[in-house]
Amino acid sequence: MSEAETVRARRRRKAPWIVGGALGALALGLWVARAPIADRFIQDQLAKKGVPARYTIERIGLSTQRLSNVVIGNPAHPDLTARVLEVSVGLGLSGPYVASVRADGLRLYGRFVDGQLSLGALDKFRDPTDKSPFALPDMAVRLSDARARLETPWGNVGAALNGGGNLRRDFAGTLALVAPHIAAADCRGTGITFYGKLAVRDVRPRLTGPLRGAAVTCGGAQPVAVAAPQIALDVSLAENLQQWDGTADALVQRLTMPALAAERVGVKGRFTGTADRTGLTLVADVAKLAGPDFAASGVHLEGKGAVGNVTPNFDGRLRFADASASARLRRSVADSAAALGGTPLGPIGDRAATAFAAALAGASGEAAIALTGQGEALRFELAAPSLSSRSGARFASSADSRIGYLFAAPRPEVIATGRWTFGGGGLPVGAMELDRRADGHMTGLAQIDAYQAGGARLALDPVRFSSAPGAAMRFSTSATLSGPLAGGRVERLRVPIAGAIAATGGMAFNGGCHRVTANKIDVSGLRLVNNGIDLCSTPGAPLFSVGSAGVRGAVRLPGLKLRGTSGASPFAFDSGPGEVDLARWRWSLANADVRIGAGDSVTHFAAGRLSGAAGGQGMAGTLADAQGKIGAVPLDMSEIAGNWRWADGALTLDGGLVLTDAAADKRFAPLISRDAHLRFADGVIDARAGFDERESGKKILDTVIRHRFADSSGAADLIVKELRFDDNF
């Protein structure tokens, strides 16, 4: 507070005693001039100050003077009135002085003008040059039915005071305050009242009683609202009103804020200090705390802190007895792994999601909390947090663990250090340790037990973390996965995992090339053994990223070379470069080449371009510039183009092709089909198509082909229903 503001504040605090000055002027005048000339003297004294006044002299004695019907200020809108005013005057070494004042029916009116409290005509008793500290006058007063009305920029306030005693030693009275509507900064209150005791002991005023309100709201479009607040106050003030010491016992029936509501909030606190720094000690209990997708009961907070013209700080402890996510959110979590069905992660994801959903019901926990730091280092901290759920899930911390949120930094971020363990209730079991050095560098290690469910198993190598000041947290590990895959199984699929986690929670996986291998993949009779593929990023970009916008990334495939068996037949798949668009889950391959079998019975299929995308029931896409031959069937297929689909363990192709005779001595001219269909499942190819003569478009025949890879057997039927010859054929 500036010196000018301090002076103005002292003058405002002196305002009530200006009334005493005005009444004292009347009283002294009466005492000095106790004669028929008293009225003349008083009028002269008031005229010198320019203060209009009316009164009736009831009695003038040696020490006590009594006036009635006192009016000071404009009679139409007076600044002070009193039914009866009685002043006792004493005589000291420096002359007469006001020893006591008794007022009945006192009415005082004031308002703020240019940031200062004005009492109208009574302001003329103020000495504008007086800079002495505020002090309570050594005077006895007796007030009966005294009231005041103040018009302030924040709203009108009414006051009533009854009591008596020496203002420095033993005053005791009752004070009532009423503010129908009050507004300050961005907050508004209605029905604000106070009714309590005002006492002075050893020059320290003390105020005790309940402060109540109908409602208080703060904020604009999404306000914080307090319903029916009640605060039992007991506060003692220094003589200069610049220091205070007291307690507050508050009860709020309902508190609401954006996305959060609390019911029956009780707060007991103690405060002591000055405007520069006030220390706080508080204990708070919330019967129920609820948000859009959670509710908690038995919330308890206690601690100590400080506010004022210093950076706020707080140290305390928070605990809650029973917290649960909404049934809707728990169902959503439990169902979140449904998209993994049919993959090795399906059983694992289902078990983890079900366990996590169960952990979100009936949870309890506690943590030490702190608001600490200065400037950009100001942060909110959780120390040694622990959580447990009636499902058996648990989260525990070492005594020195800290999780902090730097909300005042240019880029807010989360920092953590310590050791945490987790698991139980069907969740993965593990531990994580983070160490943050004084220079801001951090290292860490997480070890998670292998997790199994429904024949699937996921094992992670130790996960290592590191970060530099202001940089994202880096991590690295490898995952080994076994489990069901599209009706078959994958064994020991090994995937390297490395990348960075940003302060926002987004993840980016390292760029470059990464090799993914599998010991065995067995799907629909197709078995791949000891194969691998390389996944590469575009130059200078991460392999892929995960954030609020979902999964993003373009993964390049330098080429594929897969070997295995289809049934008892050798299988080979080769391709040129490819690409996977993770945002749309689309992929494409160039120069794909598939060979099944060996020798003269090999089935061969090649496509200049093959593309596809994941769908709700499997995968589908298109192919172009393709050609093929089925086993020993003496037919060649070319110019194949159309659509393909993989679902329920079966591969189907639909489109058009050109059929030619594979024999050295050609038996028919090339034929064209626009309705060819091929299905490959369980080691068997079934194909059918209708063919037309290429030049004339005349229908020639239908074909039905079946080939079994297990024994390289099959049949090819050519069905000619009729042939009509004319000039064009």
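Heads up: the structure comes first, above all this text.
Owing to the predicted nature of the structure, the values given are computational and were not obtained by experimental measurement.

Peer 1: For this particular structure, what's the right way to read the overall build of the protein chain?
Peer 2: From N to C terminus, the protein chain includes four helices and 49 strands. In terms of overall dimensions, the protein chain is more spread out than a globule: its C-alpha atoms have a radius of gyration of 44 Å, far above the 27 Å expected for 729 residues. In terms of overall dimensions, the protein chain has a C-alpha envelope of 155 × 65 × 40 Å along the principal axes. Considering the protein chain as a whole, with its 729 residues, one finds that 38% of them fall into the buried category. When contacts within the protein chain are restricted to residue pairs at least 6 apart in sequence, long-range pairs at least 24 apart make up 43% of them. A total of about 38,000 Å² of accessible surface is found on the protein chain, and carbon and sulfur atoms cover 57% of it. For the protein chain, the distance from the average site of its 83 positive side-chain charges to the average site of its 68 negative ones is 9 Å.

Peer 1: Could you clarify how one ought to interpret the environment of Pro-570 in this entry?
Peer 2: Tracing the sequence through the fold places Pro-570 in strand 39 (residues 569–575). Residues Pro-570 and Phe-709, 139 residues apart in the sequence, show an inter-C-alpha distance of 9.4 Å.

Peer 1: Help me out: how do you make sense of the packing of helix 3 (residues 327–335) against helix 4 (residues 345–359) in this one?
Peer 2: In a packed pair of helices, the relevant descriptors are the angle between the two axes and the axis-to-axis distance. Where helix 3 contacts helix 4, the axes come no closer than 7 Å and their chain directions differ by 165°. For the element pair helix 3 / helix 4, the angle class is roughly antiparallel. As for how helix 3 packs across helix 4, the hand of that crossing is right-handed. The residues of helix 4 that touch helix 3, namely those facing Arg-330, Val-333 and Ala-334, are Ala-353, Phe-356 and Ala-357.

Peer 1: For this particular structure, what's the right way to read the side chain of Ser-482?
Peer 2: With respect to the helices, strands and loops of the structure, Ser-482 is situated in strand 30 (residues 473–485). For Ser-482, the side chain forms a polar contact with the side chain of Glu-491, separated by 3.4 Å. Apart from residues no more than four positions distant in its own chain, Ser-482 is found in contact with Pro-344, Gly-455, Ala-456, Arg-457, Arg-489, Val-490, Glu-491 and Arg-492.

Peer 1: What's the story with unusual backbone geometry in this structure? I'm lost.
Peer 2: Trans peptide bonds make up the majority, and among non-glycine residues the majority have a negative phi. One non-glycine residue, Asp-145, lies in the positive phi region at around 55°. Along the chain, the position of Asp-145 falls in strand 7 (residues 140–152). Positive phi, normally seen in glycine, also occurs at Trp-585, with a value near 55°. With respect to the secondary-structure elements, Trp-585 resides in the loop between strand 40 (578–581) and strand 41 (586–596).

Peer 1: Help me out: how do you make sense of the state of the cysteines in this one?
Peer 2: Every disulfide links exactly two cysteines, by a covalent bond between their sulfur atoms. Per the stated rule, a full pass over the model turns up two disulfides. Note that Cys-187 is cross-linked by a disulfide to Cys-218, the S-S spacing being 1.9 Å. Taking the sign of the torsion about the S-S bond as the criterion, the disulfide between Cys-187 and Cys-218, at about 115°, is right-handed. Residue Cys-187 is located in strand 10 (residues 187–201), and its partner Cys-218 is located in strand 12 (residues 215–218); the two are separated by 31 residues in the primary sequence. With a relative accessible area of 29%, Cys-187 lands in the partly exposed category. Here Cys-218 falls in the partly exposed class, since its relative accessible area comes to 25%.

Peer 1: What is the right way to read the packing of aromatic side chains from this model?
Peer 2: Given two aromatic rings, their pairing is described by the distance between the two centres and the angle made by the two planes. Considering all chains together, one arrives at four aromatic pairs under this definition. On the numbers, 4.4 Å between centres and 20° between planes, the contact of Phe-509 with Phe-544 is stacked. Residue Phe-509 is found in strand 32 (residues 507–509), and its partner Phe-544 is found in strand 35 (residues 544–547); the two are separated by 35 residues along the sequence. Overall, Phe-509 belongs to the buried group, its relative accessible area being 14%. Judged by relative accessible area, which is 22%, Phe-544 ranks as partly exposed. Aromatic side chains Trp-587 and Trp-644 sit 5.7 Å apart centroid to centroid with 45° between the ring planes, which places their arrangement in the tilted category. With a gap of 57 residues between them, Trp-587 in strand 41 and Trp-644 in strand 44 (residues 635–647) connect regions that are remote in the sequence. Overall, Trp-644 belongs to the buried group, its relative accessible area being 7%. A connected cluster of aromatic rings, assembled from ring pairs, spans Phe-475, Phe-509 and Phe-544.

Conventions adopted
- Residues numbered from 1 in each chain as written.
- Predicted model: local features only at pLDDT ≥ 70, side-chain atom pairs only at ≥ 80, totals over all residues.
- Heavy atoms only, no water.
- Helix = DSSP H or I, 4+ residues; strand = E, 2+ residues; numbered from the N terminus.
- Rg over C-alpha atoms; globule rule 2.2 N^0.38 Å.
- Buried < 20%, exposed > 50% of the residue type's maximum accessible area, 1.4 Å probe, protein only.
- Contact = heavy atoms within 4.5 Å.
- Areas by Shrake-Rupley, 256 points an atom, 1.4 Å probe, with all protein chains shown as cover.
- Lys, Arg positive; Asp, Glu negative; His and termini not counted.
- Charge placed at Lys NZ, Arg CZ, Asp CG, Glu CD.
- Axes fitted to C-alpha atoms, helices over the stretch in contact; angles between N-to-C directions.
- Parallel < 35°, antiparallel > 145°, perpendicular 65-115°, else oblique.
- Left-handed = near helix turned anticlockwise from the far one by under 90°.
- Polar contact = N/O pair within 3.5 Å; in protein donor to acceptor, adjacent residues only side chain to side chain.
- Disulfide = S-S within 2.5 Å.
- Phe/Tyr/Trp six-rings, centres within 6.5 Å; stacked < 30°, edge-to-face > 60°.

Note that all results are geometric; they support no functional claim without further evidence.
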